[in-house]
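These are the residues of each chain, in order.
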Amino acid sequence: MRKSALLLPVAVVAVIGVLSSIFIVDEREKALVLQFGQIRQVVEEPGLGFKIPIIQEVVTYDDRILSFDTDTIEVTPSDDRRLVVDAFARYRISDVVQFRQAVGVGGIRAAEDRLSSILNAQIREVLGADQVTSDTILSPQRGELARRIRAQARASAESLGLEIVDVRLKQTNLPQQNLDATFARMRAEREREAADEIARGNEAAQRVRAAADRTVVETVSKAEREAEITRGEADAERNRIYAEAFGNNPEFFAFYRSLSALERSLQGENSTLVFSPDSEFLSELFSSVRADGLREVAIDDIDIDRLREMAPELQISPDLPESERQRLEEEDAQQDGAEATN
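Notes on the structure follow. Throughout, residues of each chain are indexed from 1 in the direction in which the sequence is written. The predicted origin of the model limits local features to residues at a pLDDT of at least 70 and limits the giving and counting of side-chain atom pairs to 80 or more, whereas totals for whole chains, interfaces and linings rest on all residues. Water and hydrogen atoms were dropped before computing side-chain values, which therefore reflect all heavy atoms in the structure.

**Some words on the packing of helix α2 (residues 96-103) against helix α3 (residues 107-127)**
To be explicit about the condition: In this analysis, axes come from line fits to C-alpha atoms, helices being fitted only over the stretch in contact, and the angle between any two N-to-C directions falls in the range 0 to 180 degrees. A helix here means a DSSP run of H or I that spans at least four residues, while a strand means a run of E at least two residues long, and both kinds are numbered starting from the N terminus. An angle below 35 degrees is read as roughly parallel, one above 145 as roughly antiparallel, one from 65 to 115 as roughly perpendicular, and any other as oblique. Contacts between residues were defined by any pair of non-hydrogen atoms, one from each residue, lying within 4.5 Å. Each residue receives one of three labels: charged for Asp, Glu, Lys and Arg, nonpolar for Ala, Val, Leu, Ile, Met, Phe, Trp, Tyr, Cys and Pro, and polar for the others, Gly being one of them.
Close contact between α2 and α3 brings their axes to 10 Å; oriented N to C, the two are set at 80°. Taken together, the axes of α2 and α3 lie roughly perpendicular to each other. Taken together, the residues of α3 that come into contact with α2 (itself represented by Phe99, Ala102 and Val103) are Gly107, Ile108, Ala110, Ala111 and Arg114. For the contact of α2 with α3, the residue count by class is 6 nonpolar, 1 polar and 1 charged.

**Here we look at helix α5 (residues 142-158)**
Stated formally: One fewer than the residue count of a helix, multiplied by 1.5 Å, yields its expected span. Burial classes: relative accessible area under 20% of the type maximum marks a residue as buried, over 50% as exposed, and values in between as partly exposed (1.4 Å probe, protein chains only).
The first and last C-alpha atoms of α5 sit 24 Å apart over 17 residues, in line with the 24 Å expected at 1.5 Å per residue. Along α5, the residues that are buried comprise Leu145, Ala146, Ile149, Ala153 and Ala157. If you follow the buried residues of α5, they end up packed against α3, α4 (134-137) and β9 (162-173).

**Quick word on the pattern of salt bridges**
Note the cut-off: Here, a salt bridge means any Lys or Arg side-chain nitrogen found within 4 Å of an Asp or Glu carboxyl oxygen.
Under the counting rule described, the total for this entry stands at 15 salt bridges. Note that Asp69 is salt-bridged to Lys170, the shortest N-O span being 3.8 Å. Note that Asp69 is positioned in strand β6 (residues 66-69) and Lys170 in strand β9, a separation of 101 residues in sequence. By relative accessible area, which is 47% here, Asp69 ends up partly exposed.

**Let's talk about α3**
Helix length check: α3, at 21 residues, gives a terminal C-alpha distance of 30 Å against a target of 30 Å (1.5 Å per residue), a fit within 8%. Residues Gly107, Ala111, Leu115, Ser116, Ile118, Leu119, Asn120, Gln122, Ile123, Val126 and Leu127 constitute the buried set of α3.

**What to know about the packing of α3 against α5**
In plain terms, the rule: Handedness of a crossing is defined here by the sense of rotation of the near helix relative to the far one, left-handed for an anticlockwise turn of less than a right angle and right-handed for a clockwise turn.
Put simply, α3 and α5 touch, their axes get as near as 9 Å, and they point 135° apart. Judged on the interaxial angle alone, α5 and α3 are oblique. The element α3 and its partner α5 pack so that their crossing is right-handed. Of the residues in α5, those in contact with Leu115, Ile118, Leu119, Gln122, Ile123, Glu125, Val126 and Leu127 of α3 are Leu145, Arg148, Ile149, Gln152, Ala153, Ser156 and Ala157.

**Looking at the sheet that holds strand β2 (residues 29-35)**
Sheet strands associate in pairs through backbone hydrogen bonding, adopting either a parallel or an antiparallel arrangement. The condition is simple: When DSSP locates at least two bridges between a pair of strands, those strands are taken to pair.
If you trace the 3 strands from one edge of the open sheet to the other, you get β3-β2-β5, paired in antiparallel fashion. Strands at the two margins of the open sheet, each flanked by one partner only, are β3 (38-43) and β5 (56-62). Pairs of neighbouring strands in the sheet enclose a mean axial angle of 30°, with direction left out of account. Taken together, the 7 bridges between β2 and β5 define a ladder with antiparallel strand orientation. When the sheet's bridge partners are listed, Lys30 is paired in β5 with Tyr61. Strands β2, β3 and β5 of the sheet are contacted by α2, whose axis makes an angle of about 60° with β2.

Okay, structure coming up:
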């Protein structure tokens, strides 16, 4: 009974000891077995490992490719235009022993702090070198600059047991004060271009407007010229007709024209005319009337329709009484109806 009671604690202690002496290394990790801070074993292959319980401890490190973003820094290329630059790096722990000796118990955090210093120094050195301008950094040549930064940082990172796989520049901008000045300059350039476009548009509009005005003037001038030609031809035709009619009976047409002049004089508000006995107008009016009256004119020699067209339109004087005006209008309507019936 006593032996059973003693064997049970011994078995528990033995199981605990065995379990505490076994450790597992994942395929994504590397491990160091430390004894009082000293490296006793390096395990780079995945599987089970053994250590002395309590005396030894196991420290694992990630064996995958890790990412790291640098802080934003300002660099001054050879053209003295300051730029704000940051980068990211891909790295892996290539030598865990050297890594442990370089960073101690700080691990990945301490390694990335020192890696950030290395990368920032190399970024300033490469981007601030001769023949490297801000235009070069912003051009497709930035890939070559990133490769130069990686090559120079590798040598320094090897002392940390790290292998830098790749380096890329991310942000490449102007500082805020320079950015504001650049935006103001770009805005001024765009406003100048807009003013040039507006000026060219106004010039083109002026040319179109001038061409349209010239076309209007030419069209109006041509129309007026044709109108004057038509009016002249009409006046010539009218004068020919008048001359022909006047030749057929000069006395009658002299009398008729005098009556027409008198009718035109009485139009509007003029209802009264006063003449002196020796007025030339009256002499012209009655000079065609002889003592024996107007001479006989053959009806075949007169174009009645043409005379009707030449006769002025009859108008009723507004000064007549209303009853007389209505009577005359009724007579005119009856006469028009009779002519339409015929």
